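Topology and contacts: notes
Here's the letter readout for the chains.
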Amino acid sequence: MSTNGKTANPPALAENPRPALSPEEIIDQLRAISMRMGELAPMTAEQRRALRGRLRTPDPVVNASINVIDALDNVSQAVGQPIEAVRSLQDEAMRWSAVEQELRSMLNGVSGANLLRRVRIDLIAAQAYTIGTQLARDPANAILLPHVEEIRRMRRISRRRKASPEQTESEP
């Protein structure tokens, strides 16, 4: 099993998987990473739309245009950026795009796992209500009646049609 004195499968990884972090620990670590990231630019949806609207040039055209800067020093001087700085900015944008994609993937995974948790909770709650309703029929379980009635009341309220903001503003 060992080659050159090293084991093929380290026992620590196989026998002791890392324990899952709590949500609070993950939040702390994300905040610590965020503080170390440097320039972050939180934007509103409207600001993002405006900036994305300005991105009209396809990547191959951008690359060819950057090559123009490299072809003649006068272009670099006119643009006010040396080719090394432009290529560095382009490389940095590509690397941060990979970070962005990884974060989106992580968010999708966290969202999916939390959705599954909420569905399980919903199922358990529905089962508890159904069982509680059945048990409340027996006078020996009268303690459940106020709970079942409260759930019925809350369900009725949640099914009511919500008034639109325009209706509530126009009413005196």
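For the structure, check the block above.
Conventions we followed
- Residues numbered from 1 in each chain as written.
- Predicted model: local features only at pLDDT ≥ 70, side-chain atom pairs only at ≥ 80, totals over all residues.
- Heavy atoms only, no water.
- Helix = DSSP H or I, 4+ residues; strand = E, 2+ residues; numbered from the N terminus.
- Contact = heavy atoms within 4.5 Å.
- Areas by Shrake-Rupley, 256 points an atom, 1.4 Å probe, with all protein chains shown as cover.
- Buried < 20%, exposed > 50% of the residue type's maximum accessible area, 1.4 Å probe, protein only.
- Patch = residues over 30% accessible without salt bridge, like charges linked within 9 Å, V, L, I, M, F, W, Y side chains within 5 Å.
- Salt bridge = Lys/Arg side-chain N within 4 Å of Asp/Glu carboxyl O.
- 1 Å grid on protein atoms, 1.4 Å probe; cavity = no way out; pocket = protein on both sides within 12 Å on 5 of 7 lines; lining within 4 Å.
- Points joined across faces, edges and corners; volume = space filled by probe spheres on them.
- Nonpolar A, V, L, I, M, F, W, Y, C, P; charged D, E, K, R; others polar.
- Lys, Arg positive; Asp, Glu negative; His and termini not counted.
- Charge placed at Lys NZ, Arg CZ, Asp CG, Glu CD.
- Axes fitted to C-alpha atoms, helices over the stretch in contact; angles between N-to-C directions.
- Parallel < 35°, antiparallel > 145°, perpendicular 65-115°, else oblique.
- Left-handed = near helix turned anticlockwise from the far one by under 90°.

1. Some remarks on the overall build of the protein
Counting its regular elements, the protein contains eight helices and two strands. Secondary structure elements of the protein occur, N-terminal to C-terminal, as β-β-α-α-α-α-α-α-α-α. Nonlocal contacts in the protein, meaning residues at least 24 apart in sequence, comprise 13% of its contacts between residues at least 6 apart. When the accessible surface of the protein is split by element, carbon and sulfur atoms take 58% of a total near 15,800 Å².

2. Details of the side chain of Thr 133
Inspection of the secondary structure puts Thr 133 in helix H6 (residues 83–136). Given the relative accessible area of 16%, Thr 133 is considered buried. Beyond its immediate sequence surroundings of up to four residues, Thr 133 is in contact with Val 148 and Arg 152.

3. A closer look at a nonpolar patch on the surface
A surface patch of nonpolar side chains, amounting to about 770 Å² of accessible area, comprises Leu 21, Ile 26, Leu 30, Ile 33, Trp 96, Val 99, Leu 103, Met 106 and Val 110. Taken together, the elements giving at least two residues each to the nonpolar patch come down to helix H2 (23–36) and H6. With five residues, H6 is the largest single contributor of residues to the nonpolar patch. Along the chain, Trp 96 falls in helix H6. By relative accessible area, Trp 96 is classed as partly exposed at 38%.

4. Digging into the environment of Ala 128
Among the structural elements, Ala 128 can be located in helix H6. In the structure, Ala 128 is positioned 20 residues away from Val 148 in sequence and 9.8 Å away in space, judged by C-alpha atoms.

5. A word on the layout of surface pockets
Computed from the structure, the largest pocket encloses a volume of approximately 1,600 Å³. Lining of the largest pocket is provided by 32 residues; of these, Met 43, Ala 93, Trp 96, Ser 97 and Glu 100 occupy positions nearest its centre. The biggest single contributor to the lining of the largest pocket is H6, with 13 residues. Here the residues of the lining of the largest pocket are counted per class, giving 18 nonpolar, five polar and nine charged. Contributing to the lining of the second largest pocket are 20 residues, with Ile 26, Leu 30, Leu 103, Met 106 and Val 110 lying nearest its centre. Broken down by secondary-structure element, the contributors of at least two residues to the lining of the second largest pocket are H2 and H6.

6. With respect to a positive patch on the surface
Residues Arg 155, Arg 156, Arg 159 and Arg 160 make up a contiguous surface patch of positive charge. Position of Arg 155 among the secondary structure elements: in helix H7 (residues 145–159). We classify Arg 155 as partly exposed; its relative accessible area is 39%.

7. Some details on the packing of helix H4 (residues 59–71) against H6
The geometry of H4 relative to H6 is characterised by a closest axis approach of 9 Å and an angle of 160 degrees between their N-to-C directions. Between H4 and H6, the angle is such that the two are roughly antiparallel. The handedness of the crossing between H4 and H6 is left-handed. On the side of H4, the interface is formed by Val 62, Asn 63, Ile 66, Asn 67, Ile 69 and Asp 70, while H6 contributes Ile 83, Val 86, Arg 87 and Gln 90. The residue inventory of the contact of H4 with H6, partitioned by class, reads five nonpolar, three polar and two charged.

8. Some thoughts on the pattern of salt bridges
Enumeration according to the criterion identifies five salt bridges in this entry. For the salt bridge of Asp 70 with Arg 87, the shortest nitrogen-to-oxygen distance reads 3.9 Å. With Asp 70 in helix H4 and Arg 87 in helix H6, this pair connects stretches of sequence that are 17 residues apart. Under the relative-accessibility criterion, Asp 70 is labelled partly exposed at 45%. Since its relative accessible area comes to 31%, Arg 87 is described here as partly exposed. Here Glu 150 makes a salt bridge to Arg 153, at a shortest N to O gap of 2.7 Å. Highlighted residues: Glu 150 and Arg 153, both in helix H7, separated by three residues, approximately one helical turn. Overall, Arg 153 belongs to the partly exposed group, its relative accessible area being 37%.

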